[in-house]
Amino acid sequence: LEVAWRFNTDSFGPRPETNYQSTPLMGNGILYVTAGSRRAAVALDPETGELLWMHRIDEGERGSSAPRRLSGRGLTYWDDGGDGVILYVTPGYQLVALNARTGYEVESFGNDGIIDLKENIDQDLEATSEIGLHAAPIVAGDTIVIGAAHLPGGAPTSRTNVKGYVRGFNVR
């Protein structure tokens, strides 16, 4: 075996990531993966490694104070019968839907392509609340399944810590 190409993620954030754990996903002839310390979603040519598009949200303090930062463990591809849809969760706990061919946000999904996962939940969460997700969303049929995670390791700081849920959203 010989290496055909390498994709360097060092420039996808303010500093290189030293514990890169994202799993690439192939869909419709394109390779997709999350990359960098600000968790960009990227599309690559699987034969050459050429960057086709990149998408990232600047979440400011919401992203920098998130309990689950860095590239995460991946993203999800959903076949919508057209170009396909890429779904990923930002460090600041927002679900993003992208056109898999172009990388543009799917405007008909959520609020111009984004669902704020800290809203419409049974608790009042601030943008900097300690809840997030490091895993890729799962799509079962037309339902996107999203979990939650808190600071890694140890016990919650109090009994009133933010509650995490598993939730399903209709992708359509």
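See the structure printed just above.
Residues numbered from 1 in each chain as written. Predicted model: local features only at pLDDT ≥ 70, side-chain atom pairs only at ≥ 80, totals over all residues. Heavy atoms only, no water.

As a rule of thumb, soluble globular proteins bury nonpolar side chains together. In terms of nonpolar packing, the biggest core is built from 18 residues, with L87, L95, F109 and I146 touching the most fellow members. Secondary-structure elements contributing two or more residues to this core are β6 (85-89), β7 (94-99) and β10 (143-146). Per element, the largest residue contribution to this core is three residues, and it comes from β6. Non-local contacts of L87, meaning those with residues more than four positions away in its chain, are made with L75, T76, W78, L95, V96, A97, F109, P137, V139, I144 and V171. Counting 13 residues, the second largest nonpolar core, distinct from the first, contains I30, I86, L98 and I114. (Core = buried A, V, L, I, M, F, W, Y, C linked by side-chain atoms within 4.5 Å. Buried < 20%, exposed > 50% of the residue type's maximum accessible area, 1.4 Å probe, protein only. Helix = DSSP H or I, 4+ residues; strand = E, 2+ residues; numbered from the N terminus. Contact = heavy atoms within 4.5 Å.)

Roughly 240 Å³ of internal volume is contained in the largest pocket. Lining the largest pocket are 13 residues; nearest its centre among them are S37, R38, G60, G63 and S64. Among the residues making up the lining of the largest pocket, the classes are represented as three nonpolar, four polar and six charged. (1 Å grid on protein atoms, 1.4 Å probe; cavity = no way out; pocket = protein on both sides within 12 Å on 5 of 7 lines; lining within 4 Å. Points joined across faces, edges and corners; volume = space filled by probe spheres on them. Nonpolar A, V, L, I, M, F, W, Y, C, P; charged D, E, K, R; others polar.)

Attention now moves to the sheet that holds strand β9 (residues 138-140). Spatial strand order, β9-β10-β11: three strands in an open sheet with antiparallel pairing. Each edge of the open sheet is held by one strand with a lone partner, namely β9 and β11 (167-170). Across the sheet, the mean angle separating the axes of adjacent strands is 30° when strand polarity is ignored. Here three bridges tie β9 to β10, and the two strands are oriented antiparallel to one another. Paired with A140 across the bridge in β10 is T143. (Pairing = 2+ DSSP bridges. Axes fitted to C-alpha atoms, helices over the stretch in contact; angles between N-to-C directions.)

This paragraph deals with the pairing of strand β2 (residues 30-35). Taking burial as the measure, the six residues of β2 include six buried ones, the bulk of the element. What you see with β2 is no split at all: I30, Y32 and T34 on one side and L31, V33 and A35 on the other are buried throughout. Between the end of strand β1 (residues 25-27) and the start of β2, which pair antiparallel, lie two residues, with N28 showing a positive phi angle near 55°. One ladder, built from five bridges, connects β2 with strand β3 (residues 40-44); its direction is antiparallel.

Let's shift gears to the pattern of salt bridges. Within the structure shown, the criterion is met by two salt bridges. D83 is paired through a salt bridge with R101; the nearest N and O atoms lie 3.3 Å apart. Placement of the pair is D83 in the loop between β5 (76-78) and β6 and R101 in the loop between β7 and β8 (114-116), with a sequence separation of 18 residues. For R101, a relative accessible area of 53% gives the class exposed. The closest approach of N and O atoms between R172 and D142, which form a salt bridge, is 3.0 Å. (Salt bridge = Lys/Arg side-chain N within 4 Å of Asp/Glu carboxyl O.)

A few words on unusual backbone geometry. Positive phi is not limited to glycine here, since R39 has a value of about 55°. For D112, which is not glycine, the phi dihedral falls at a positive 55°. Within the secondary structure layout, D112 lies in the loop between β7 and β8. For D112, a relative accessible area of 46% translates into the label partly exposed.

Turning next to the packing of aromatic side chains. Per the stated rule, a full pass over the model turns up three aromatic pairs. With a centroid separation of 5.6 Å and 50° between ring planes, the pair formed by F7 and F12 is classed as tilted. Plain terms: the ring middles of Y32 and W53 are 6.0 Å apart, the flat faces sit at 45° to each other, and that makes the pair tilted. Taken as a pair, Y32 in strand β2 and W53 in strand β4 (residues 51-55) lie far apart in primary sequence, 21 residues in all. Each of the two residues, Y32 as well as W53, counts as buried. (Phe/Tyr/Trp six-rings, centres within 6.5 Å; stacked < 30°, edge-to-face > 60°.)

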